[in-house]
Amino acid sequence: MNRADRLLLPAAAYQTYTIAQPRDTTVVAACEQVGCPQWRHGWDSVIDERTELGASQAAYIRTQSRRTFREMKTDAGLTVFRFESGQRCFAEHRTRPQLFAVRDGDAARGNPTGRVRKHTRPTDWVEDFGENQLRLVEEQRKG
């Protein structure tokens, strides 16, 4: 279908699927989202409980961290907390968000209805896009 044929249909007959990533914007992200190696493989935190900071860190890990770990002592008297993979590490990760949108209309004539659907998960956007493609194929088969 060429541009002239497309303009025979009203703009409202179209949907525009977009993925955007705003510049200069970051959001807090989960370890899994950013591919955190500690989340993927687990990690060890080696703590010297003979210091005030170390005693405070160890107490936090044991009583408030809500993470799964095994505790061991080294020959040097240090405490090793071994954390299993698949759980949030102690770092705060940040990433740039992606916006998954579906707008009525087309790029040439805009969005006459003003309707925009924003998907929060990429998989939902992909599913919506796929269903729209199938619907178009069915309409084309009907003639």
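Use the structure listed above.
The model shown is predicted, which means the values in this text are computed figures rather than measured ones.

A. Spatial organisation of the sheet that holds strand β8 (residues 116-119). Strand order in this open sheet of three strands is β1-β7-β8, and the pairing throughout is antiparallel. Looking at the sheet topology across the chains shown, the edges are occupied by β1 (15-20) and β8. The mean angle between the axes of side-by-side strands here comes to 20°, regardless of whether they run parallel or antiparallel. Sheet topology note: the β1/strand β7 (residues 99-104) ladder contains six bridges and is antiparallel. In the strand pairing of β7, Tyr17 is matched with Val102. In the packing of helix α5 (residues 122-142) onto the sheet, contacts are made with β1, β7 and β8, and the angle to β1 comes to roughly 155°.

B. Structural view of the layout of surface pockets. Its volume calculated, the second largest pocket comes out at about 190 Å³. Together, Gln98, Leu99, Phe100, Lys118, His119, Thr120, Arg121 and Pro122 line the second largest pocket. Looking at the lining of the second largest pocket residue by residue, the class counts come to three nonpolar, three polar and two charged.

C. Spatial organisation of the state of the cysteines. Evaluated as defined, the whole model comprises zero disulfides. Just so you know, Cys31 is unpaired, no disulfide at all, and the nearest cysteine sulfur is the one on Cys89, 3.6 Å from it. The closest cysteine sulfur to the non-disulfide-bonded Cys36 is located on Cys89, 3.8 Å from its own sulfur.

D. The arrangement of the environment of Thr18 in detail. Note that Thr18 resides in strand β1. Thr18 sits 81 residues away from Leu99 along the chain, and the two C-alpha atoms are 7.9 Å apart. Here Thr18 is in contact with Leu99, Phe100, Ala101, Arg103 and Trp125, once residues within four sequence places are set aside.

E. Fine view of the nonpolar core. Listed in full, the nine residues of the largest apolar core are Cys31, Cys36, Trp43, Ile47, Ala58, Ile61, Phe81, Phe83 and Cys89. Those elements giving two or more residues to this core turn out to be β3 (43-47), α4 (52-63) and β5 (79-83). In this structure Cys31 touches Cys36, Trp39, Arg88, Cys89 and His93, once residues within four positions along its chain are discounted.

F. Fine view of the pairing of β3. Because side chains alternate across β3, one face comprises the buried residues Trp43, Ser45 and Ile47, and the other comprises Asp44 and Val46, none of which is buried. Pairing of β3 with β5, which is carried by five bridges, proceeds in the antiparallel orientation. The residue bridging Trp43 from the neighbouring strand is Phe83, located in β5.

G. Focus on α5. Here α5 contains 21 residues, and its C-alpha end-to-end distance of 31 Å stays within 8% of the 30 Å for a straight helix at 1.5 Å per residue. Buried within α5 we find Trp125, Asp128 and Asn132. An end-on view of α5 places all buried positions within 60° of arc, on one side of the element. Along α5, the residues that are exposed and aim more than 90 degrees away from the buried face are Thr123, Val126, Leu134 and Arg141. On its buried side, α5 packs onto β1, β7 and β8. One or two steps after α5, the chain reaches Gly143, where phi turns positive at roughly 100°.

H. Summary view of the packing of aromatic side chains. All chains considered together, the criterion is met by ten aromatic pairs. Ring plane angle 55° and centroid distance 5.8 Å describe the contact between Phe69 and Phe83, whose orientation is recorded as tilted. Of this pair, Phe69 sits in strand β4 (residues 69-73) while Phe83 sits in strand β5, and the two are 14 residues apart along the sequence. Note on Phe83: relative accessible area 3%, which makes it buried. For the pair Trp125 and Phe129, a centre-to-centre distance of 5.8 Å together with 10° between the ring planes defines the contact as stacked. With a gap of four residues between them, Trp125 and Phe129 both fall in helix α5, about one helical turn apart. Linked through ring pairs, Trp43, Tyr60, Phe69, Phe81, Phe83 and Phe90 together constitute an aromatic cluster.

About the cut-offs
Residues numbered from 1 in each chain as written. Predicted model: local features only at pLDDT ≥ 70, side-chain atom pairs only at ≥ 80, totals over all residues. Heavy atoms only, no water. Pairing = 2+ DSSP bridges. Helix = DSSP H or I, 4+ residues; strand = E, 2+ residues; numbered from the N terminus. Axes fitted to C-alpha atoms, helices over the stretch in contact; angles between N-to-C directions. Contact = heavy atoms within 4.5 Å. 1 Å grid on protein atoms, 1.4 Å probe; cavity = no way out; pocket = protein on both sides within 12 Å on 5 of 7 lines; lining within 4 Å. Points joined across faces, edges and corners; volume = space filled by probe spheres on them. Nonpolar A, V, L, I, M, F, W, Y, C, P; charged D, E, K, R; others polar. Disulfide = S-S within 2.5 Å. Core = buried A, V, L, I, M, F, W, Y, C linked by side-chain atoms within 4.5 Å. Buried < 20%, exposed > 50% of the residue type's maximum accessible area, 1.4 Å probe, protein only. Expected span 1.5 Å × (residues − 1). Arc of directions from axis to C-beta. Phe/Tyr/Trp six-rings, centres within 6.5 Å; stacked < 30°, edge-to-face > 60°.

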